[in-house]
Amino acid sequence: MSNPWRAASHRQRILRTFLPSAILAVVIAGMLALPLYSDASMTVFGVYNSFQNLATLGLLALAVGLTIIIGEFDLSTLGMYALGGILAVKFGETAPLLGVGVAVLAGILFGFFQGAIVAKSGISSVPLTLGGYISLLGLCHIVTDEKTLPYGNYDVGTWLDADIATIFSPRSLVVIAVFGIVWAAMRWTRLGRDVRALGGDRRASRAAGVPTDRILIGVFTCSSAFSALGGALFAYSTTAAKPDLGSAPFIFAVTAVLLGGTSLSGGRGSAAGILMGVLALSFLETLFAILATPAYVINLVRGGLLLLVVIVEAPDLRRRLTVMRARIANKGTGSGDHLDPAGSGTGTP
């Protein structure tokens, strides 16, 4: 006889697996059905804009998502995103690749430093990276003298945003390529298994011989480097670098990561899922812009999507609801029986 709790857990795992693609499919369906409930319609340029939004915030979301998968949380990514753009503008006026290289190198060094502290000291990454974000933000203001830095090499931005195959650009293709490399590494190498194991149970991973410290430092290094690269590409595209980008990019990134099926408790998530989460939110942003949707409606929709993800992610929600219903039914009938957490009935003496 099959265990109902095991069957419910299996169904929940399936739901978690297909939720990112299901959300993306619903958003795309809404875009295609736009003429049915509005005078407007989704254009090819609208799709291009959605992929440009992916190019702008995709690497930031990937950076945040990787640290969540290992059971940590890097709050400094937004600061490195801003600093990456500033360094690229300062050093890449005549040599764009040099500017990108300097930005990525700064990200590597800073990420390695943070990862080493977390790995060797065992402290929580949240307060550490919050301090890192504040420090980076202050550094950005010092370097720019609290002003927006212009980037005079307009040809670079024009080339990065030139359309390829109508809906892509060199910038969006670079970001998609980075996602592809990370996905392949986590899918087809031992690294991906070790990364998820680290997020699932660090002590057990260490006991099993997983090089937890090296993986943790490596993930933080990649997270910071990806943030810097994303900021550099964004600064070139907009021909300017700002010392403070506000919190909106980080909120977008975290939301996309959660919609992409990454668990806040760690141990589960993928680059493909994060990519689908970013695409779903990007298409949704374009859809809202076409419909001129009020800000409060946008927030309600975003909040509703996050609530859906939270409900699906709740590991014991179905079991607790079933037990609660059984207890209510037993009280109504005056029975003294109750259900234990495993779902089996036990009589009271």
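The model shown is predicted, which means the values in this text are computed figures rather than measured ones.

**Some points on the packing of aromatic side chains**
- For the structure on display, the rule yields seven aromatic pairs.
- When the centroid spacing of 6.1 Å and the interplanar angle of 80° are considered together, the rings of Phe73 and Phe250 count as edge-to-face. Here the residue Phe73 occupies a position in the loop between helix H3 (44-69) and helix H4 (77-91), and Phe250 occupies one in helix H12 (residues 248-259), the gap between them amounting to 177 residues.
- Among the residues examined, Phe73 registers a relative accessible area of 19% and is labelled buried.

**Some points on a nonpolar patch on the surface**
- A cluster of nonpolar side chains, contributed by Leu36, Tyr37 and Leu291, occupies part of the molecular surface with about 340 Å² of accessible area.
- Following the sequence through the fold, Leu36 ends up in helix H2 (residues 34-37).
- Taking relative accessible area as the criterion, Leu36 reaches 76% and is therefore assigned exposed.

**Describing the nonpolar core**
- In terms of nonpolar packing, the biggest core is built from 92 residues, with Leu62, Val182 and Phe283 touching the most fellow members.
- The dominant element in this core, judged by the number of residues it contributes, is H3, at 14 residues.
- Aside from chain neighbours lying at most four places away, what touches Val182 is Leu62, Leu66, Phe226 and Ala271.

**Side note on the pattern of salt bridges**
- According to the stated counting rule, one finds five salt bridges in the structure shown.
- The salt bridge partner of Arg171 is Asp161, with a shortest N-O separation of 3.0 Å. Taken together, the positions of Arg171 in helix H8 (residues 170-188) and Asp161 in the loop between helix H7 (154-160) and H8 put the pair ten residues apart, joining distant regions of the chain. Grouping residues by exposure puts Arg171 and Asp161 together as buried.
- Note that Glu285 and Arg302 form a salt bridge whose closest N and O atoms lie 2.3 Å from each other. On the criterion of sequence distance, the pair formed by Glu285 in helix H13 (residues 271-291) and Arg302 in helix H14 (residues 295-313) is long-range, its members being 17 residues apart.
- A relative accessible area of 29% means that Arg302 is categorised as partly exposed.

The rules behind the values
- Residues numbered from 1 in each chain as written.
- Predicted model: local features only at pLDDT ≥ 70, side-chain atom pairs only at ≥ 80, totals over all residues.
- Heavy atoms only, no water.
- Phe/Tyr/Trp six-rings, centres within 6.5 Å; stacked < 30°, edge-to-face > 60°.
- Helix = DSSP H or I, 4+ residues; strand = E, 2+ residues; numbered from the N terminus.
- Buried < 20%, exposed > 50% of the residue type's maximum accessible area, 1.4 Å probe, protein only.
- Patch = residues over 30% accessible without salt bridge, like charges linked within 9 Å, V, L, I, M, F, W, Y side chains within 5 Å.
- Areas by Shrake-Rupley, 256 points an atom, 1.4 Å probe, with all protein chains shown as cover.
- Salt bridge = Lys/Arg side-chain N within 4 Å of Asp/Glu carboxyl O.
- Core = buried A, V, L, I, M, F, W, Y, C linked by side-chain atoms within 4.5 Å.
- Contact = heavy atoms within 4.5 Å.

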